[in-house]
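Residue strings, one per chain:
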Amino acid sequence: MNFSELFKQTNQLSRFSPNGKYLGSCVQYRLLVRDIKTLQILQLYTCLDVVQHVEWSSDSLYILCGMLKRGIVQVWSLEKPDWTCKIDEGLAGLTAVRWSPDGRHILSTADFQLRISVWSLVSKSVSYIKYPKHAHAGLDFSKDGKYMALAERRNCKDCISIFACSSWQLVKHFEVETNDLADLAWSPDGRVLCIWDSLLRYELLVYSMDGRCLSKYSAYEFALGIKSVCWSPSSQFLAIGSFDEKCRVLNHVTWKIVAEHNHSHTVDSPSVIVYREVELKPPLLKGEIMPPGGFTVQSKYEVQPGPVQVPTLKPDPEKANPKLGVGHVAFSQDNRYLATKNDNMPNALWLWDVSKLCLTALLLQTSSVRAFQWDPKQPRLAVCTGNNKLYIWSPAGCVSVVVPTEATFQITSLQFHPDGNILLLLGKDHMCLCFLTDPRT
């Protein structure tokens, strides 16, 4: 591994371009575009205010900056630096903004979900979609970019509208059997739409594009329900993380459970490899004092024999949004592994073998897992825990690496490059690039 120097960034607004050639990052009201190979600044754009959202177009030719507090969106072109575009929502306000799949239309959601405006960069026209239910959820594009599904609320009932992205014409509109629709997601093959209810009611429904309900699933009643949902890249499996500390996996043929993964407090199986992070504190000379925070301390993984107790936190019943249940679920790109995090076991990361329907590895960290992401090209998982270390798991083993920086750098989020050979490590005010070398090449 090789690491770059630290670069400034604000609010973790740093994104790789889809073609992998550029890195866009915001520092307050400035947008910097760097060449990914040399890390030199190619373009420097000055926005009208502090940026709260940044996003690349699908073809990497444009990048938008959303200044939500002022209701303004600015779009910049990499091919034509002098070309500018400004969208001002005015009194309607701005809650969310995103690109359409073609990279030539911008969807902005007004305050209080009054409407969604579709702005065209080609014809400079605007059209409106009424009744969106959510600002940051309830909207998804099919992977081929042909259709958009939108959750709506009309006459106190949940509905789904499907639009053709080529013309933004309504293709299908139908009511759904939810009490309070929370979110939706297209299957990666674009054949079906998964919809789930709010956390107060355990209800997951699968609909076809023509509005037919193909399946309903409910694991239990009268308790907090679904917390996270994730499709496998092949569309064969649908993983559901629940507040009862279980991850259930449905198959795409019968929509029945094929696996129910329990996040038990004790792991005792010879087939499960338990990696426990152990800190290696350097020996101190007489009178020497450990630096504050101890962030220079290195660590390594030790394989623990069973049975192993998993540290557990007891959620506070007096507080809203309890730290309980499976809050993050992610499949590896090759469909072989499933990673889950149970929120009341914050230091543990669970890795399941999809083909064998069983637990294959467990990572026990010294600090809470902040974020994890799969390599888009191979079964390799990157993890960060809010310190200056990067953790990587693969079927071959587990490694812990200290990021060599002069200043204190705590990694709170990370992103893989589209090619899988670079990791973007994000802290509070800085970022760093980690270049991964593949031993097979």
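Not measured: the values here are computed from a predicted model.

A. Structural context of the packing of aromatic side chains. According to the stated counting rule, one finds 14 aromatic pairs in the structure shown. Over the ring of Tyr29 we find Arg30; its NZ or CZ atom is 5.3 Å from the centre of that ring. Sitting above the plane of the Phe7 ring, Arg34 keeps its charged end 4.1 Å from the centroid.

B. Structural view of the pattern of salt bridges. Here the structure, examined in full by the defined rule, presents 18 salt bridges. Residue Lys133 is joined to Asp180 by a salt bridge in which the shortest nitrogen-to-oxygen separation is 2.6 Å. Here Lys133, found in the loop between strand E14 (126-130) and strand E15 (139-141), pairs with Asp180, found in the loop between strand E18 (169-175) and strand E19 (181-186); they are 47 residues apart in sequence, far enough to count as distant. Here Asp180 falls in the partly exposed class, since its relative accessible area comes to 35%. The residue Asp343 makes a salt bridge to Lys227 at a minimum N-O spacing of 2.6 Å.

C. Representation of empty space enclosed by the protein within the structure. Within this structure, the stated rule accounts for 1 cavity of 30 Å³ or more. As a volume, the largest cavity reaches approximately 60 Å³. Lining the largest cavity are Phe237, Val249, Ala259, His261, Phe331, Leu338, Trp352, Asp353, Val354 and Leu357. Going through the elements one at a time, strand E26 (257-262) and strand E33 (348-353) are the ones with two or more residues in the lining of the largest cavity. Considered class by class, the residues forming the lining of the largest cavity number 8 nonpolar, 1 polar and 1 charged.

D. Fine view of the pairing of E19. Of the pairings in the sheet, the one linking E19 to strand E20 (residues 192-197) comprises 5 bridges and is antiparallel in character. Its bridge partner being in E20, Ala185 is matched across the sheet by Cys194. Turn length for the E19-E20 hairpin, with the two strands adjacent in sequence and antiparallel, is 5 residues, and the turn residue Gly190 shows positive phi of about 75 degrees.

E. Spotlight on the pairing of strand E31 (residues 326-331). By the bridge criterion, 5 bridges tie E31 to strand E32 (residues 337-342) in an arrangement that is antiparallel. Its bridge partner lying in E32, His328 is registered against Lys341. Here E31 hands over to E32 after 5 residues, with Asn335 in that stretch at a positive phi of 75 degrees.

So, how was this worked out
- Numbering of residues starts from 1 in every chain and runs along the sequence as written.
- Given that this is a predicted model, residues contribute local features only at a pLDDT of at least 70 and side-chain atom pairs are listed and counted only at 80 or more, while totals for whole chains, interfaces and linings are drawn from all residues.
- Computation of side-chain values covers all heavy atoms of the structure but excludes hydrogens and water.
- Only Phe, Tyr and Trp rings take part, Trp by its six-membered ring, and two of them pair if their centres are within 6.5 Å. Stacked means planes under 30 degrees apart, edge-to-face means over 60, and tilted covers everything else.
- Criterion for a charge above a ring: Lys NZ or Arg CZ within 6 Å of the ring centre, and within 35 degrees of the ring normal.
- We count a salt bridge whenever a side-chain nitrogen from Lys or Arg sits within 4 Å of a carboxyl oxygen from Asp or Glu.
- Each helix is a run of DSSP H or I of at least 4 residues and each strand a run of E of at least 2, with the numbering of both proceeding from the N terminus.
- Whether a residue is buried, partly exposed or exposed follows from its accessible area with a 1.4 Å probe, protein chains only, as a fraction of its type maximum: under 20%, in between, or over 50%, in that order.
- Cavities and pockets were defined on a 1 Å grid built from protein atoms only: a cavity is a group of points that admits a 1.4 Å probe but offers it no way out, a pocket is an open group of points flanked by protein on both sides within 12 Å along at least five of seven lines, and a lining residue is one with an atom within 4 Å of any such point.
- Grid points are joined across faces, edges and corners, and a volume is the space filled by probe spheres set on the points.
- In this count, Pro and Cys sit with the nonpolar residues alongside Ala, Val, Leu, Ile, Met, Phe, Trp and Tyr, while Asp, Glu, Lys and Arg are called charged and the others, Gly among them, polar.
- The criterion for strand pairing is that DSSP finds at least two bridges linking the strands in question.

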